[in-house]
Amino acid sequence: MPRLVLWNVDHTLVDVGRVTREAYAEAFQQVTGRPLVRLAPTVGRTESEIIFETLAFNDVVTTEDHLGRFMAALGEAFTARRKSIRKDGRVLPGAREALAAVARQRDVVQSVLTGSIEPNAIAKLTALGLDKHLDFKVGGYGSETYPKAALVELARTRTAEKYGAPIAESATVLIADSANDVRAAQIARARTIAVATGNATQSELRGAGADVVLPTLAETDQVVRAVESLTTS
């Protein structure tokens, strides 16, 4: 039976904060005709949540077509900044090595579980050379406007359909950096490895109920051992 390892993208594998802010500003200007004054908090949230709150923070009365237009504009803005992602973005310590090491484990499928819309998540990871071991087809993305817990279940379903075997709840691990992600995994009955590479401290991640908490991904053996221990009956 396959084991499913889902990776959060921003602040777990990569940091592309500068590019994200620039892309949001361009998309906001394109959709509303006004400059962006305040961007909503982004940590552990889906793109749809960020977009709607950003519009509200900037006193924009939303209509039914705002979300679709904003997501399209945001995708275009990221595509245009591929060189900037490579120049200004960075791979977080140990991320590349952890992806490769987990890929060598038996019966493991790796994908992403992210609040980013699908094209932007893929753009970030491919631009920074982290796409080799990830099956993007089975991931869960913010473009689908579901809560993150539902995205975990969606990723399980997609993986089962593609690989022809069910994915047990106990064989699903989310690796992420925020308490919101930990809680989403708990709702979906997935296991969690939390890394303190975002805004949350190790203490906060433990308090949220993460199964394993690591300071970073830099100790590859610790990451592999955590995946193995959480998914082996």
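These figures come from a predicted structure and were not determined experimentally.

**Student:** Would you mind going over the packing of helix H2 (residues 47-57) against helix H3 (residues 66-79) in detail, with residue names and values included?
**Tutor:** One can describe the packing of H2 onto H3 by two numbers: an axis separation of 10 Å at closest approach and a directional angle of 110 degrees. Classified by the angle their axes make, H2 and H3 are roughly perpendicular. Across from Glu-47, Ser-48, Ile-51, Phe-52 and Leu-55 in H2, the residues of H3 making contact are His-66, Leu-67, Phe-70, Met-71 and Leu-74. A per-class count over the contact of H2 with H3 returns seven nonpolar, two polar and one charged.

**Student:** Break down the side chain of Asn-8 for me, with residues and values.
**Tutor:** Locating Asn-8 in the fold gives a position in the loop between strand E1 (3-7) and strand E2 (14-15). A relative accessible area of 5% places Asn-8 in the buried class. A polar contact of 2.9 Å, which involves the side chain of Asn-8, links it to the backbone oxygen of Asp-10. Looking at Asn-8, its side chain comes within polar contact range of the side chain of Thr-12, at 3.0 Å.

**Student:** Before we move on, could you go through the pattern of salt bridges and cite the residues and values that matter?
**Tutor:** Applying the stated criterion across every chain yields a total of 16 salt bridges. Of the charged contacts in the structure, one is a salt bridge between Glu-22 and Arg-18, with a shortest N-O distance of 3.5 Å. Placement of the pair is Glu-22 and Arg-18 together in helix H1 (residues 17-32), with a separation of four residues, close to one helical turn. Look at Glu-22 and you get partly exposed, because its relative accessible area is 30%. Relative accessible area serves as the criterion here: at 47%, Arg-18 is assigned to the partly exposed category.

Cut-offs and rules
- Residues numbered from 1 in each chain as written.
- Predicted model: local features only at pLDDT ≥ 70, side-chain atom pairs only at ≥ 80, totals over all residues.
- Heavy atoms only, no water.
- Axes fitted to C-alpha atoms, helices over the stretch in contact; angles between N-to-C directions.
- Helix = DSSP H or I, 4+ residues; strand = E, 2+ residues; numbered from the N terminus.
- Parallel < 35°, antiparallel > 145°, perpendicular 65-115°, else oblique.
- Contact = heavy atoms within 4.5 Å.
- Nonpolar A, V, L, I, M, F, W, Y, C, P; charged D, E, K, R; others polar.
- Buried < 20%, exposed > 50% of the residue type's maximum accessible area, 1.4 Å probe, protein only.
- Polar contact = N/O pair within 3.5 Å; in protein donor to acceptor, adjacent residues only side chain to side chain.
- Salt bridge = Lys/Arg side-chain N within 4 Å of Asp/Glu carboxyl O.

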